[in-house]
Amino acid sequence: MAKTVLITGGSTGIGYEFAHLFARDGYRLVLVARNAQKLAEVAKELEGAYRTSVVILAKDLAAPSAPQEIAARLQQDGIAVDVLV
């Protein structure tokens, strides 16, 4: 089974570049960023280019409740994170 990486800021900049590197290496991705539309675009791009699964979570990590909401969603979906970026 493929390992899973959670990447914050995965829709732009260095987070986006990390997403490509991990997808290329066969990881399943969980991408977290504020912009849901941009996350969806990146997910589609990565799924097409690397044939990997991508879960997107539109969250603002500056919000105090965001970490708990992300953890709850991952637990609900049965996703165990192997690497955090």
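Read on for a plain summary of the structure. The structure displayed is predicted, hence computed values, not measured ones.

**Here we look at the packing of aromatic side chains**
By convention here, two paired aromatic rings are described through the distance between centres and the angle between planes.
Here is step 1 of the chain: With the rule as written, the count across this model stands at two aromatic pairs.
Here is step 2 of the chain: With 6.4 Å between their ring centres and 40° between their planes, Phe18 and Phe22 make a pair best called tilted. Pair noted here: Phe18 and Phe22 are both in helix H1 (residues 13-24), with a separation of four residues, about one helical turn.
Here is step 3 of the chain: A residue is classified by how much of its surface remains accessible, and Phe22, at 15% relative accessible area, is buried.
Here is step 4 of the chain: Ring pairing ties together the aromatic residues Phe18, Phe22 and Tyr27, which thus form one cluster.

**A word on the packing of H1 against helix H2 (residues 36-50)**
Here is step 1 of the chain: Following both chains from N to C, one finds H1 and H2 inclined at 25°, their axes separated by 10 Å at the closest point. Considering the angle they form, H1 stands roughly parallel to H2. With respect to the hand of their crossing, H1 and H2 are arranged in right-handed fashion. In this structure, H1 uses Tyr16, Ala19, His20, Ala23 and Arg24 to contact H2, whose residues at the interface are Val42, Glu45, Leu46 and Tyr50.

**Examining the side chain of Thr52**
Here is step 1 of the chain: Within the secondary structure layout, Thr52 lies in the loop between H2 and strand E3 (54-58).
Here is step 2 of the chain: For Thr52, a relative accessible area of 12% corresponds to the buried category.
Here is step 3 of the chain: Within the local environment of Thr52, its side chain forms a polar contact with the backbone oxygen of Tyr27, the two atoms lying 2.6 Å apart.
Here is step 4 of the chain: When near neighbours in sequence (up to four residues on either side) are disregarded, Thr52 contacts Ala23, Tyr27, Arg28, Leu29, Leu46 and Glu47.

**Side note on the pairing of strand E1 (residues 4-8)**
Here is step 1 of the chain: The buried fraction of E1 amounts to four of the five residues, a majority that puts the element mostly inside the structure.
Here is step 2 of the chain: Of the pairings in the sheet, the one linking E1 to strand E2 (residues 28-33) comprises five bridges and is parallel in character. Residue pairing in the sheet places Thr4 in a bridge with Arg28 of E2.
Here is step 3 of the chain: Tracing the backbone out of E1, into H1 and back to the parallel element E2 gives a crossover that is right-handed.
Here is step 4 of the chain: Direction of pairing for E1 relative to strand E4 (residues 83-84): parallel, over a ladder of two bridges. Residue pairing across strands places Val5 opposite Val83, the latter belonging to E4.

The rules behind these values
- Residues numbered from 1 in each chain as written.
- Predicted model: local features only at pLDDT ≥ 70, side-chain atom pairs only at ≥ 80, totals over all residues.
- Heavy atoms only, no water.
- Phe/Tyr/Trp six-rings, centres within 6.5 Å; stacked < 30°, edge-to-face > 60°.
- Helix = DSSP H or I, 4+ residues; strand = E, 2+ residues; numbered from the N terminus.
- Buried < 20%, exposed > 50% of the residue type's maximum accessible area, 1.4 Å probe, protein only.
- Axes fitted to C-alpha atoms, helices over the stretch in contact; angles between N-to-C directions.
- Parallel < 35°, antiparallel > 145°, perpendicular 65-115°, else oblique.
- Left-handed = near helix turned anticlockwise from the far one by under 90°.
- Contact = heavy atoms within 4.5 Å.
- Polar contact = N/O pair within 3.5 Å; in protein donor to acceptor, adjacent residues only side chain to side chain.
- Pairing = 2+ DSSP bridges.
- Right-handed = clockwise from strand over helix to strand, strands pointing away.

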